[in-house]
Amino acid sequence: MMSDFGKIMEEKCMNFAIRITNLCKFLTDEKREYRISDQLFRCGTSIGANMAEAQCAISKKDFTSKVYISLKESNECLFWLSLLNKTGFLSVKQYESVYDDCQELKRLLVSITKTSKTHLENEQ
């Protein structure tokens, strides 16, 4: 059974994946930018996909591994967003909005990862 926090994370990840999907559609349709938007799409949607996998983890170690992958994907996403901003494909307003959402997810994932690692270490 998923905790309230788990449900909140699932919703945040899904909402972020929707934002990334729509942003990538805008980038390809309006800006004719394909390479970076493909990378952004992959990492931005992978955050939620790996968190969904974590919900069905077969062990605490497996859970921690999936969450850590989500954390790495969020960091990659921040990189691509910064690049899109610095190359003029995103306005400052567009960039700050989606970047802030990604930063929030990253902070939550860092917290989950630290807690999970602590629980794993305490079991050994």
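Residues numbered from 1 in each chain as written. Predicted model: local features only at pLDDT ≥ 70, side-chain atom pairs only at ≥ 80, totals over all residues. Heavy atoms only, no water.

### Some remarks on the overall build of the chain
In step 1: Helices and strands together make up the secondary structure of the chain, namely 4 helices and 0 strands.
In step 2: Moving toward the C terminus, one meets the helices and strands of the chain in the order α-α-α-α.
In step 3: Scored against the burial criterion, the 124 residues of the chain give a buried share of 37%.
In step 4: Within the chain, counting contacts between residues at least 6 apart in sequence, those at least 24 apart form 71% of the total.
In step 5: For the chain, the accessible surface area stands at approximately 7,700 Å², while carbon and sulfur atoms represent 53% of it. (Helix = DSSP H or I, 4+ residues; strand = E, 2+ residues; numbered from the N terminus. Buried < 20%, exposed > 50% of the residue type's maximum accessible area, 1.4 Å probe, protein only. Contact = heavy atoms within 4.5 Å. Areas by Shrake-Rupley, 256 points an atom, 1.4 Å probe, with all protein chains shown as cover.)

### Observations regarding the environment of leucine 40
In step 1: The topology assignment puts leucine 40 in helix α2 (residues 35-54).
In step 2: Residue class for leucine 40 comes out buried when judged on its relative accessible area of 0%.
In step 3: Here the alpha-carbon distance between leucine 40 and threonine 115, two residues 75 residues apart in the chain, equals 28 Å.
In step 4: Apart from residues no more than four positions distant in its own chain, leucine 40 is found in contact with Ile20, Leu23, Cys24, Leu27, Cys77, Trp80, Leu81 and Leu84.

### Quick word on the nonpolar core
Within soluble globular proteins, side chains that are nonpolar generally end up buried alongside one another.
In step 1: In terms of nonpolar packing, the biggest core is built from 28 residues, with Phe16, Leu40, Cys77 and Leu81 touching the most fellow members.
In step 2: Elements represented by at least two residues in this core include exactly α1 (4-29), α2, α3 (60-86) and α4 (92-123).
In step 3: Here cysteine 77 is in contact with Phe16, Ile20, Leu40, Cys43, Gly44 and Cys102, once residues within four sequence places are set aside. (Core = buried A, V, L, I, M, F, W, Y, C linked by side-chain atoms within 4.5 Å.)

### As for the packing of α3 against α4
In step 1: Between α3 and α4, whose axes approach to 8 Å, the crossing angle comes to 160 degrees. Judged on the interaxial angle alone, α4 and α3 are roughly antiparallel. The element α3 and its partner α4 pack so that their crossing is left-handed.
In step 2: Residue classes in the contact of α3 with α4 are distributed as 16 nonpolar, 9 polar and 5 charged. (Axes fitted to C-alpha atoms, helices over the stretch in contact; angles between N-to-C directions. Parallel < 35°, antiparallel > 145°, perpendicular 65-115°, else oblique. Left-handed = near helix turned anticlockwise from the far one by under 90°. Nonpolar A, V, L, I, M, F, W, Y, C, P; charged D, E, K, R; others polar.)

### A few points about the layout of surface pockets
In step 1: Considering only enclosed or pocket space, the largest pocket measures out at about 210 Å³ in volume.
In step 2: Of all elements in the fold, only α3 and α4 reach the threshold of two or more residues within the lining of the largest pocket.
In step 3: Top contributing element to the lining of the largest pocket by residue count: α4, with 5 residues.
In step 4: Here the lining of the largest pocket is composed, by residue class, of 6 nonpolar, 6 polar and 1 charged.
In step 5: Its volume calculated, the second largest pocket comes out at about 170 Å³.
In step 6: Around the second largest pocket sit Gly6, Met9, Glu10, Cys13, Met14, Ala17, Thr45, Gly48, Ala49, Met51, Ala52 and Gln55, which together line it.
In step 7: Broken down by secondary-structure element, the contributors of at least two residues to the lining of the second largest pocket are α1 and α2.
In step 8: Residue classes in the lining of the second largest pocket are distributed as 7 nonpolar, 4 polar and 1 charged. (1 Å grid on protein atoms, 1.4 Å probe; cavity = no way out; pocket = protein on both sides within 12 Å on 5 of 7 lines; lining within 4 Å. Points joined across faces, edges and corners; volume = space filled by probe spheres on them.)

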